[in-house]
Amino acid sequence: MHRMHNESRIKNGPQTTGATIHWASQYDFHTGLLGLGTNGRNSRMVIDLAQIRPGDKVLDVGCGTGSLTLTAQSHAGPGGKVVGIDAAPEMIEVARKKASRSGLEVVFEVGLIEKLDFPDATFDVVISRLAIHHLPDDLKHRGFAEILRVLKPGGHLFIADFKSPANPILKHITSALVGSHMMQTNVWSQPAMLADAGFVEVTSGPTRSVFLAFVSGKKPGN
């Protein structure tokens, strides 16, 4: 993907029918409180579950302010390459600043899940946390097809997405974070969508987080 430093593009961002969060600084504060910050307990858990290994090429879709992306880079190591994309230019601006401060060589770009600007078979792993629920179902289908395209044969997708906690206090906190109006579908509808897109070995289940479940699938091949 070409770097997008054009100020008008950064300000306006690409057009998408998915919900886009623009309050980057507040988002970073709230997610940090929930352990979703760079190398926070939730970020480490997601990367461990995604089985990112040294040397992997990784794409983080809907990367927000880049906390999970930067954590992925610490696992992929100097031999790996990690890219984060988000539809919100404000998120990418914050993510780039965080990458600069961290000294990690992570690429952050404004981009859309439904139109990934990468060649076929580029990545070993695609990850996404708290992003897919922002998309209407037609965009999910298009996005999953694009992810399958950019994965290498045998590569896999790992999604960590919102599930409603049973605890009413935690439910209120997570609803305030993600916005109930943005939750277009339940995470448990995503496995069937992955299978429809052509993923194999599709699995799903709970995580150690009270507000995240996981869905994963593999691209057929090696």
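Structure first, text after, so check above.
*Asks:* Help me understand unusual backbone geometry, please; the structure alone is not making it clear to me.
*Replies:* The general pattern is negative phi for most residues beyond glycine and trans for most peptide bonds. Not every positive phi belongs to a glycine, and Leu130 is a case in point at roughly 50°. By secondary structure assignment, the location of Leu130 is in the loop between strand E4 (123-129) and helix H6 (137-150). Given a relative accessible area of 5%, Leu130 falls into the buried group. Phi is positive for Glu201, close to 50°, though the residue is something other than glycine. With respect to the secondary-structure elements, Glu201 resides in strand E6 (residues 200-206). Exposure remark for Glu201: the relative accessible area of 59% places this residue in the exposed category.

*Asks:* Whenever I open this one, helix H8 (residues 190-197) confuses me. Can you help?
*Replies:* Structurally, the α-helix is built with 3.6 residues per turn, so residues lying three or four positions apart point the same way. Taken together, the buried positions of H8 are occupied by Gln190, Pro191, Met193 and Leu194. Looking down the long axis of H8, one finds its buried residues gathered within 160° of arc, a one-sided arrangement. Tucked into the core, H8 has its buried residues touching H6, strand E5 (151-162), E6 and strand E7 (212-218).

*Asks:* Would you mind showing me how to read the packing of aromatic side chains here?
*Replies:* Any aromatic ring pair is given by two values, namely how distant the centres are and how the planes are angled relative to each other. The full count for this structure, using the stated rule, is two aromatic pairs. Their ring planes at 80° and their centres at 5.1 Å tell us that Phe118 and Phe123 sit as a pair that is edge-to-face. By relative accessible area, Phe123 is classed as buried at 3%. Measuring from ring centre to ring centre gives 5.7 Å for Phe158 and Phe214, while their planes differ by 10°; the resulting arrangement is stacked. With Phe158 in strand E5 and Phe214 in strand E7, the pair connects residues that are 56 residues apart, well separated along the chain. For the pair Phe158 and Phe214, a shared accessibility class is recorded, and that class is buried.

*Asks:* Sorry if this is basic, but what is going on with the pairing of strand E2 (residues 81-86) here?
*Replies:* Both faces of the sheet carry side chains from a regular strand, because those side chains alternate between them. Among the six residues in E2, five count as buried, and that is most of the element. Relative to E2, strand E1 (residues 57-61) runs parallel, the two sharing five bridges. Its bridge partner lying in E2, Leu59 is registered against Val83. Remark: the E1/helix H4 (residues 67-76)/E2 crossover connection has right-handed handedness. Note: E2 against strand E3 (residues 107-110), four bridges, orientation parallel. Bridge pairing in E3 places Val83 opposite Val107. The handedness of the E2 to E3 crossover, carried by helix H5 (residues 89-102), is right-handed.

Calculation criteria
Residues numbered from 1 in each chain as written. Predicted model: local features only at pLDDT ≥ 70, side-chain atom pairs only at ≥ 80, totals over all residues. Heavy atoms only, no water. Helix = DSSP H or I, 4+ residues; strand = E, 2+ residues; numbered from the N terminus. Buried < 20%, exposed > 50% of the residue type's maximum accessible area, 1.4 Å probe, protein only. Arc of directions from axis to C-beta. Contact = heavy atoms within 4.5 Å. Phe/Tyr/Trp six-rings, centres within 6.5 Å; stacked < 30°, edge-to-face > 60°. Pairing = 2+ DSSP bridges. Right-handed = clockwise from strand over helix to strand, strands pointing away.

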